[in-house]
Amino acid sequence: MIRFTHVSKLYPKGGPALDDVSFHVNRGEFVFLTGPSGAGKSTILKLVYVDQRPSQGEVRIAGQSSVTLTGSAVPKLRRRLGVVFQDFRLLEDRTAEQNVAFALEVIGTPQDAIGPKVARVLTQVGLAGKATALPHELSGGEQQRVAIARALVNDPLVLLADEPTGNLDDRATRGIFQLLRDINATGTAVLMATHDLATVRANPYRTLEMNRGKLVYDSASEHPAAADEFDAPVPDASETPQ
Amino acid sequence: MNLAVREALRAFQRAPMLSLLSITTIAFSLFAFGLFGLVYLNLRDALAQVEERVEIRGFVAEGTSAEATSAAVGDIAAFPEVASVRYVSDVQALERARRELGEFEDVFEAGILPASIEVRLREGQRDPESVRSVARRLEFYDFIDDIRYGEEWVEKLYKIRNIATAVGLSLGVIFAIVAIIIIGSTIRMAVLARSREIHIMRLVGATNGFIRAPFLVEGFLKGVLGGLLALVLTYFTFEFVGQYVVEATYFGSGLAVLGVLAGALIGLLGSAVSVGRHLRRV
């Protein structure tokens, strides 16, 4: 579903952020992306949600190629991805449910469909009782749950998480990680960048380790390759009747 | 669109001080431009009034027949530059002199002032060259003794008018540029204050048009409100000046509407440019 083929990324100022990286992520897979700061983890995520384009090579996401993807097609692709960050990135003047609803409103979801979707996803992340709380009234873990709810509300194929527990204490970290596992269990792929080695070691998921822009370790390559289904076009959920 | 308006109003509501600041900045920028416009407008009117008095007088020799002069008046009226021609008899000239210079009434006697043909030129034909050319053609009539048109005065007036136009236009352009820069940066500030919204909208897959819409609505509203406020400010200034300093003319309704529209347009464009920077293509 996500495939990097000999991808390099050079920033105009500074050296290569990614250097000939190839890997793929299957539907429904849970993948850790580890490595020290500046290793290229965030760059990989940015290439997936098309905040940036590769300097060389090809990134394929849900059947779309970075080589042929036009600028106007980017928003549509992003609607099939969910992204969460270390710093939550919530709108401070809006309640939890308004923050989640915002993601639906700005892509033109009909007004009457928004309420039920928001309620469902807030329940899923365990915040049904705090729908009307403003971000500053919530703990860090709860704010990250709102951000995850916002990322999930469009039923993404993959959830991209950039150090989602980086700002949280141990307890909240465990809670958020368990939530990500639950989300993964419903069939959503999760690509999680983290340098929390304890969490990585304690879980049996596939790990991609980055160092200085290179992919230095892929735990999957120690196992027989999984059936490669990445290139089959994934049906667009927003176009098929549910 | 509904969402765009709602989000725009939300921005006003959420940051009332910032919004008020933008509107006031827009208002004062347009106010300065408007004041300058008023000064220019009134100066131009005043000059136009003076210009209307540009007149060529041909003094008619004594004993010229009425037929000859009226034929000449008809001819001259047909010149393309000429707006009106009037024959002033010696009797009328004397009456006018007495009326205009009452205190010297007894100095004037019949016969002291000659009859004359007075020629006024059309607007746009009052430059020294045209005046001179018409004056030269009057010389062809034998019965015209002398021709006066205040040559130096016409040249000076024309120079002043040219200078006023050039200074007016360049100052106008400078004022407009300053207004646009100030308004543009105020709006940019408002957009920057909401960069997080823009970021999130991009992230969840809002199209660029959808992201732009609320900002355009906001910029437009601020422009209109700023423009209206500027209009009110210039009007009060105008009233004050009219009452205590000098009678003046105010903008016509067309110009007033145009001013508010200019504010709206600057608001709209400023927002479009500022948001555009956030929407760099990938």
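What counts and how
Residues numbered from 1 in each chain as written. Chains lettered and ligands numbered in written order. Predicted model: local features only at pLDDT ≥ 70, side-chain atom pairs only at ≥ 80, totals over all residues. Heavy atoms only, no water. pLDDT = per-residue confidence, 0-100. Contact = heavy atoms within 4.5 Å. Core = buried A, V, L, I, M, F, W, Y, C linked by side-chain atoms within 4.5 Å. Buried < 20%, exposed > 50% of the residue type's maximum accessible area, 1.4 Å probe, protein only. Helix = DSSP H or I, 4+ residues; strand = E, 2+ residues; numbered from the N terminus. Pairing = 2+ DSSP bridges. 1 Å grid on protein atoms, 1.4 Å probe; cavity = no way out; pocket = protein on both sides within 12 Å on 5 of 7 lines; lining within 4 Å. Points joined across faces, edges and corners; volume = space filled by probe spheres on them. Nonpolar A, V, L, I, M, F, W, Y, C, P; charged D, E, K, R; others polar. Phe/Tyr/Trp six-rings, centres within 6.5 Å; stacked < 30°, edge-to-face > 60°. Lys NZ or Arg CZ within 6 Å of the ring centre and 35° of its normal.

Caption draft 1: Structural context of the confidence of the model for chain A. Within chain A, residue pLDDT values average 90, and 91% of them lie at 70 or more. This stretch, residues 223-232 of chain A, has a pLDDT under 50; its non-local contacts, to residues over four places away or in other chains, come to twelve contacts.

Caption draft 2: The nonpolar core, seen in detail. All names here are of chain A. In this structure, V100, V106, L122, V125, I148, L180 and M192 are the most contacted members of the largest nonpolar core, which totals 60 residues. With near-sequence residues (within four places) excluded, V100 lies in contact with V118, V121, L122, V146, A149, R150 and V153. M1, V7, L18 and L45 belong to the second-largest nonpolar core, a separate cluster that totals 35 residues.

Caption draft 3: Looking closely at the side chain of N184 of chain A. Positionally, N184 of chain A belongs in helix α6 (residues 170-185). Those residues in contact with N184 of chain A that lie beyond four places of it in its chain are G28, E29, F30, A189 and V190 of chain A.

Caption draft 4: A look at the sheet that holds strand β2 (residues 16-25) of chain A. Residues and elements named next belong to chain A. Strand order in the open sheet formed by four strands is β2-β1-β4-β5, and the pairing between neighbours is antiparallel. Looking at which strands have only one partner, the edges of the open sheet turn out to be β2 and β5 (64-65). Of the strand pairs in this sheet, strand β4 (residues 56-61) and β5 are connected by two bridges, and their pairing is antiparallel. Within the sheet, the bridge partner assigned to I61 lies in β5 and is Q64.

Caption draft 5: A look at empty space enclosed by the protein. All told, the structure shown has two cavities of 30 Å³ or more when counted by the stated rule. Space inside the largest cavity adds up to approximately 90 Å³. Around the largest cavity, the lining residues are R78, R79, L81, G82, V83, R150, A151 and N154 of chain A together with I200, L203 and V204 of chain B. Those elements that provide at least two residues to the lining of the largest cavity are β6 (81-85) and α5 (140-152) of chain A together with α7 (195-203) of chain B. Broken down by element, the lining of the largest cavity gets its largest block of residues, three residues, from β6 of chain A. Counted by class, the lining of the largest cavity contains six nonpolar, two polar and three charged residues. When its volume is computed, the second largest cavity comes out at roughly 50 Å³. Along its surface, the second largest cavity is lined by I187, A190, V191, R194, F215, E218, G219, K222 and S271 of chain B. Broken down by secondary-structure element, the contributors of at least two residues to the lining of the second largest cavity are α6 (151-192) and α8 (208-244) of chain B. Broken down by element, the lining of the second largest cavity gets its largest block of residues, four residues, from α8 of chain B. Partitioned by chemical class, the residues of the lining of the second largest cavity number four nonpolar, two polar and three charged.

Caption draft 6: Spatial organisation of the packing of aromatic side chains. Under the defined criterion, the tally for this structure stands at 16 aromatic pairs over all chains. For the ring pair F30 of chain A and Y205 of chain A, a centre distance of 4.2 Å and an interplane angle of 10 degrees mean the geometry is stacked. Highlighted residues: F30 of chain A in strand β3 (residues 30-34) and Y205 of chain A in the loop between α7 (197-202) and β9 (206-211), separated in sequence by 175 residues. A relative accessible area of 3% means that F30 of chain A is categorised as buried. For the ring pair Y141 of chain B and F143 of chain B, a centre distance of 5.7 Å and an interplane angle of 45 degrees mean the geometry is tilted. Here F143 of chain B falls in the buried class, since its relative accessible area comes to 15%. A network of ring pairs unites the aromatic residues F30, F32, F177 and Y205 of chain A as a single cluster. The ring of F12 of chain B carries K222 of chain B above its face, with NZ or CZ at 5.9 Å from the centroid.

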